[in-house]
Amino acid sequence: MAEKDVRSRAAAAPLASGGEPKPAKQVKRPKRVLFVLMIALSVLVVGVTGVVGVVVSPYFDLATTFMTKPDMSSKSVKKASAATRAVTEQVEGEAIVLLKNQDGALPLSSTGKVNVFGSTADNNFSYGGTGSGSGDASKNVTLYQGLKNAGLKLNPELVKFYQKSAKSSKDMGRVGTDWNLYELPQAKYDQKLIDNAKSYSDTALVVLTRKGGEGFDLPTDMASYKGSEAGRSYLQLTPNEEDLLAMAKANFKKVVVVLNSPNTMELGFLNDPKIQAAIWVGTPGSTGCNAIGKVLTGAVNPSGRTVDTFAYDLKSAPSYYNFGAHDYSNVKHGNNALFAGTGDATSGKENVHWVDYAEGIYVGYRYYETAAADGYIDYSKTVQFPFGYGLSYTSFDEKIKDFSDDGTNVTMTVSVTNAGKVSGKDVVEGYYSAPYTKGGIEKSAVVLGGFAKTKLLEPGETQDVKISWTHEDMASYDYTHAKSEKGAYVLEAGDYQVSLRRNSHDVVDTRTVHVDRDYVFDDAHDGKRASDKQTATNEFDDVSNGDGITYLSRADWKGTFPTMAPATKKASAAVKDALDNPAAIKNPKVNDVTYGAKNGLELKDMKGLSYDDKKWDKLLDQMTLKEQKMLVGNAGWMTFSAKSVGKPAVVECDGPNGLNNIMAGYNGTQLAGQSTLGMTWNARLAQKVGELFAKEAHELKVAGLYAPGADCHRSAFGGRNYEYVSEDGLLTGKIVAAEVRGIQDNGVYCYLKHFALNDQETHRCDAGGLVTWANEQAMREIYLKPFEIAVKEAHCRAMMSSYNKLGTTPAAESYALLTKVLRGEWGFRGSVVTDCILAADTTDINRGLRAGNDLYLSFLQNTKLTKDTLDTPAGHQALRRAAHNVLYTEANSDAASVGMYGQAAAITAAEIVDAAVIALLATYFVRRHKKMVKWRAQEVAAGRLEPKRGKGDAK
């Protein structure tokens, strides 16, 4: 029947109940356009959320870690910060070095009046450095406040004069230092001001400040800067400072100099008898100025010791002649980093830069003491203040009470008596002198063997202090193959003089240790050293051989003493080829890895397990390739989450002188500089600093710290000397190991930095990284020593590789450094992160992973992983090994309790959105279907549609 006939018959049918029909509610047919739009919209939303989940959501970790700030006003944060502020004052109190105290000029009367001179005494005072070691100084105790808090009364007219007249140094941004010096000329001081000051007090405190910072070394010539003149270095007095001192000496009975500098200076002017006293305060951090006031007034007795040798002329140091800017004229490299051209990193192609450690082992006191012992220099005319030097307001009698040598350990018990009238602390310093054969293995005439600080001793009180070291500690590294075919540590036969000293030069008492024969610590002779996991052999012949380098030798001081390195020279053909053509990546045949297993383990289950526990394999099997590449390739101030193993995203941040989150934009307490901490010579105090530093970091939700700094003061002009402890590897190692122990024992991991030979800032990261040449003996005995001590004694679980190259190999790509020495010889277990490569393209992630560099302090480095890594079993193994190292570090910390789950949350949010859209679409389909059924029934009843027939119905 035709459809129109059905409709007409229905219209003519009589009503069953009679009367007018009740109008039925008309149901409109659902629109097909809406149906199509709903499907399209659902597909779009699910697609977009799918993209978010698959592509975008991993980067939610960045947003989570960089945009989440802790509640700085919470009670727990305030409590932690108060503790770190308190210990910072304690550090400064034990760090201040009393350099001179003629006729008992210090301490000052605690209620006395003083005139504070110097344009840097207020707003130009240096509390720390710039860059990673910078901090928020807005809440710091100023020098004026610290002096007032100690009871001193400051000449208010002078204070106002400087506040009105003194110029402030320029803010150079996060990386950089204003090297201009702003001391006012004497023409600015009218006679009335000086006469009033004379009437106010007979005491003049003259404050002299120098600064340091990341990215640039201190100028060796001030020709390009204001406030000084050509021919003078930044570490010499300026003409205006000389005039200021002359005025003070001419007008005041008592002149006391306060040296606010992390770097040694030329201080010959202190020998003038009209300058009665001088203290070196370093960089005191947030509250250290309170300690300066207390030391000046005698409430605290100074017990600091120098961490560097103060020479009258800084040009007397052999390192002076190979430091700074030196270029290869025939090799040019570019910088393709994301932010190339910012900060201290240049952009575009430029000459590759190099530096020769031509002085070998003769750095700091090792040079001055040895050259003097050999008659090459006149010590008294060359050195003003030895390494380890410092005076006190009291006097101490030291004597060797007991001494033993059991063939393995040398132990000295020193009896220390406070022979003065006020309480104080003393530092016990033990040194050894190894037998030297002219032309043989290079030996310093004096080497620090051990040290310890006493408790606070009351007048007449005695304390027995024990210091010890091993025979293997006295071994020298022979890289020349004279005693071992492959290179080895060698303890040569003969008499070793062991001495108790006031400092590196002044001897109190001596004993003798006799070694009956040569002990060669290699597999062919006496086996490995007891502290090593594997035998130490030459790993850096390519670095030692250099590029036409001659090393300083005590066999011929005059003939081998370095001359000024040329500004430019040509690289040899071999060096040029190695720099221009890095070795291709090799993929050995290895088994592929497992991804995506369901073993039910989480990162929290691994805490306390050994690195080699079999459970690690099961956990790593759960990870995906994507998780591993995102983890290693995006480690800029954080590490990514990994949902498969329950790893959260965690915050990591600078720095060595207090927590400094440069991405999220908040700071913790500004600690005293690392060099200032070193000046305490107190490892127990360093551990306490680490403990409180970690507790503050924990309260600020920070899992890992880019700290402490463990490089050395190779030169007085090192821009980052404030961030490193000293010129000596042992002192540096013991201090940083103690700090690392304190940090790690309190649930925070720390990346000891910068591994290795990052001892100058000039061109450190330009043109692919500074090419560094050094012999392996100097590397092992000085520059690697602090890292070795921290690994062996504090079980340091994280390390930061440096920007520079070791020879022609980037440090972050050095298998010899990161795998053979660090992990193989020393037994390091944990992760290695690069220095920040956002602005400096100094390493290739694919080669670095194979060398043992696990994390890349940047973003989007995962995009630089090539098929050599992503599509090969060897590459997969490298990624898995890196993930293992990172997870091991974080498992043995409190990362889980301070972590965030940005990526997982984003994926979950995407999944929720998808589920909601699907549910809404299903609801729409059900309702549309019901509506369609009602509409069809209505149309059939109205005769406008035929009813649907079943399969058996007749047509």
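Residues numbered from 1 in each chain as written. Predicted model: local features only at pLDDT ≥ 70, side-chain atom pairs only at ≥ 80, totals over all residues. Heavy atoms only, no water.

Once that is clear, we can look at the overall build of the chain. Looking only at helices and strands, one finds 27 helices and 33 strands in the chain. The principal-axis extent of the C-alpha atoms belonging to the chain is close to 135 × 75 × 55 Å. Counting only residues that meet the buried cut, the chain has 60% of its 955 residues in that class. For the chain, long-range pairs separated by at least 24 residues make up 78% of all intrachain contacts whose partners lie at least 6 apart in sequence. Surface accessibility of the chain: about 37,400 Å² in total, with carbon and sulfur atoms responsible for 53%. (Helix = DSSP H or I, 4+ residues; strand = E, 2+ residues; numbered from the N terminus. Buried < 20%, exposed > 50% of the residue type's maximum accessible area, 1.4 Å probe, protein only. Contact = heavy atoms within 4.5 Å. Areas by Shrake-Rupley, 256 points an atom, 1.4 Å probe, with all protein chains shown as cover.)

A few words now on the packing of helix α20 (residues 776–783) against helix α21 (residues 785–794). Put simply, α20 and α21 touch, their axes get as near as 5 Å, and they point 50 degrees apart. By the angle class used here, α20 and α21 are oblique. Packed against α20, whose contacting residues are M779, R780, E781, I782 and Y783, the element α21 presents K785, P786 and F787 at the interface. Of the residues that constitute the contact of α20 with α21, the class distribution is five nonpolar, no polar and three charged. (Axes fitted to C-alpha atoms, helices over the stretch in contact; angles between N-to-C directions. Parallel < 35°, antiparallel > 145°, perpendicular 65-115°, else oblique. Nonpolar A, V, L, I, M, F, W, Y, C, P; charged D, E, K, R; others polar.)

Along the chain, S286 turns up in the loop between β6 (277–280) and α9 (288–297). For S286, a relative accessible area of 1% translates into the label buried.

Another point: the packing of aromatic side chains. The final tally for this structure, using the stated rule, is 34 aromatic pairs. Between Y432 and W469 the ring centres are 6.1 Å apart and the planes differ by 40 degrees, which places this aromatic pair in the tilted class. Linking Y432 in strand β13 (residues 427–433) with W469 in strand β15 (residues 462–470), this pair joins segments that are 37 residues apart in sequence. The same class applies to Y432 as to W469, namely buried. Each member of the aromatic cluster is reached from another via a ring pair, and the members are Y320, Y321, Y362, Y367, Y368, Y376, W557, F561 and F717. If you follow R554 out to its NZ or CZ, it ends over the ring of Y436, 4.1 Å from the centre. (Phe/Tyr/Trp six-rings, centres within 6.5 Å; stacked < 30°, edge-to-face > 60°. Lys NZ or Arg CZ within 6 Å of the ring centre and 35° of its normal.)

Tracing the sequence through the fold places T120 in the loop between β2 (113–117) and α5 (143–149). Look past the residues within four positions of T120 in its chain and what remains in contact with it is F125, V207, L208 and T209.

Moving on, we get to the sheet that holds strand β29 (residues 771–773). If you trace the six strands from one edge of the open sheet to the other, you get β21-β8-β9-β29-β31-β32, paired in mixed fashion. Lying at the two open borders of the sheet, with one neighbouring strand each, are β21 (568–569) and β32 (809–810). The sheet contact formed by strand β9 (residues 350–356) and β29 spans three bridges and is parallel. When the sheet's bridge partners are listed, W354 is paired in β29 with V771. Lying over the sheet, helix α14 (residues 573–580) contacts β8 (327–333), β9, β29 and β31 (805–806), oriented at roughly 25 degrees with respect to β8. (Pairing = 2+ DSSP bridges.)

Moving on: the pattern of salt bridges. Applying the stated criterion across every chain, the model contains 44 salt bridges. A salt bridge links K604 to E602; the nearest nitrogen and oxygen atoms lie 3.7 Å apart. (Salt bridge = Lys/Arg side-chain N within 4 Å of Asp/Glu carboxyl O.)

Time to look at a positive patch on the surface. Taken together, K167, K170, K188 and K226 make up a surface patch of like positive charges. Position of K226 among the secondary structure elements: in the loop between β4 (203–209) and α8 (239–251). (Patch = residues over 30% accessible without salt bridge, like charges linked within 9 Å, V, L, I, M, F, W, Y side chains within 5 Å. Lys, Arg positive; Asp, Glu negative; His and termini not counted. Charge placed at Lys NZ, Arg CZ, Asp CG, Glu CD.)

On to unusual backbone geometry. For the bond from K753 to H754, the omega torsion is -5 degrees, close enough to zero to count as cis. With respect to the helices and strands, H754 occurs in strand β28 (residues 752–755). Here the amide bond leading from F755 into A756 is cis, since omega sits at 10 degrees, within 30 degrees of zero. Structurally, the position occupied by A756 is in the loop between β28 and β29.

Relative orientation of the contacting elements helix α15 (residues 615–622) and helix α25 (residues 873–891) amounts to 115 degrees, with a least axis distance of 11 Å. Our classification of the angle between α15 and α25 gives roughly perpendicular. Pair α15 / α25 crosses with right-handed handedness. Residues W616, D617, L619, L620 and D621 of α15 touch α25, and the partners they reach there are R880, A883, H884, L887, Y888 and A891. (Left-handed = near helix turned anticlockwise from the far one by under 90°.)

Quick look at the confidence of the model for the chain now. Of the residues in the chain, 93% have a pLDDT of 70 or more, and the chain-wide mean is 92. A low-confidence stretch, residues 1–18 stays under pLDDT 50, and its non-local contacts, those more than four residues away or across chains, total 15 contacts. (pLDDT = per-residue confidence, 0-100.)

Core analysis: the largest hydrophobic core is formed by 211 residues, its most contacted members being L99, F117, Y162, L270, Y328, L705 and F755. What L270 contacts, discounting residues up to four positions off in sequence, is L99, K100, V257, L259, I275, A278, Q384 and F385. Counting residues in each nonpolar core, the second largest holds 43 residues, with L619, W637, L838 and A883 among its members. (Core = buried A, V, L, I, M, F, W, Y, C linked by side-chain atoms within 4.5 Å.)

A grouping of V33, L34 and L37 is seen on the molecular surface, where their side chains present a nonpolar patch of about 300 Å² in accessible area. Assignment of secondary structure puts L37 in helix α2 (residues 32–56).

Burial within β13 is extensive, with seven of its seven residues counted as buried. A two-sided burial pattern is seen for β13, the buried positions comprising V427, E429, Y431 and S433 on one face and V428, G430 and Y432 on the other. As defined by bridge partners, β13 adjoins strand β14 (residues 447–453) across six bridges and the pair is classed as antiparallel. When the sheet's bridge partners are listed, Y431 is paired in β14 with L448.

By secondary structure assignment, the location of S531 is in the loop between β20 (519–521) and α12 (541–545). You can call S531 partly exposed: its relative accessible area is 29%. One polar contact links S531 to K792, side chain to side chain, over a distance of 2.9 Å. (Polar contact = N/O pair within 3.5 Å; in protein donor to acceptor, adjacent residues only side chain to side chain.)

On the basis of which strands lie adjacent, the open sheet formed by three strands has the order β11-β12-β15 and antiparallel pairing. Since the sheet does not close on itself, it has two edges, and those belong to β11 (396–405) and β15, each with one partner. This sheet shows a mean twist of 20 degrees between the axes of neighbouring strands, independent of strand direction. Pairing of strand β12 (residues 409–418) with β15 involves nine bridges; the strand directions are antiparallel. Its bridge partner lying in β15, V416 is registered against Q463.

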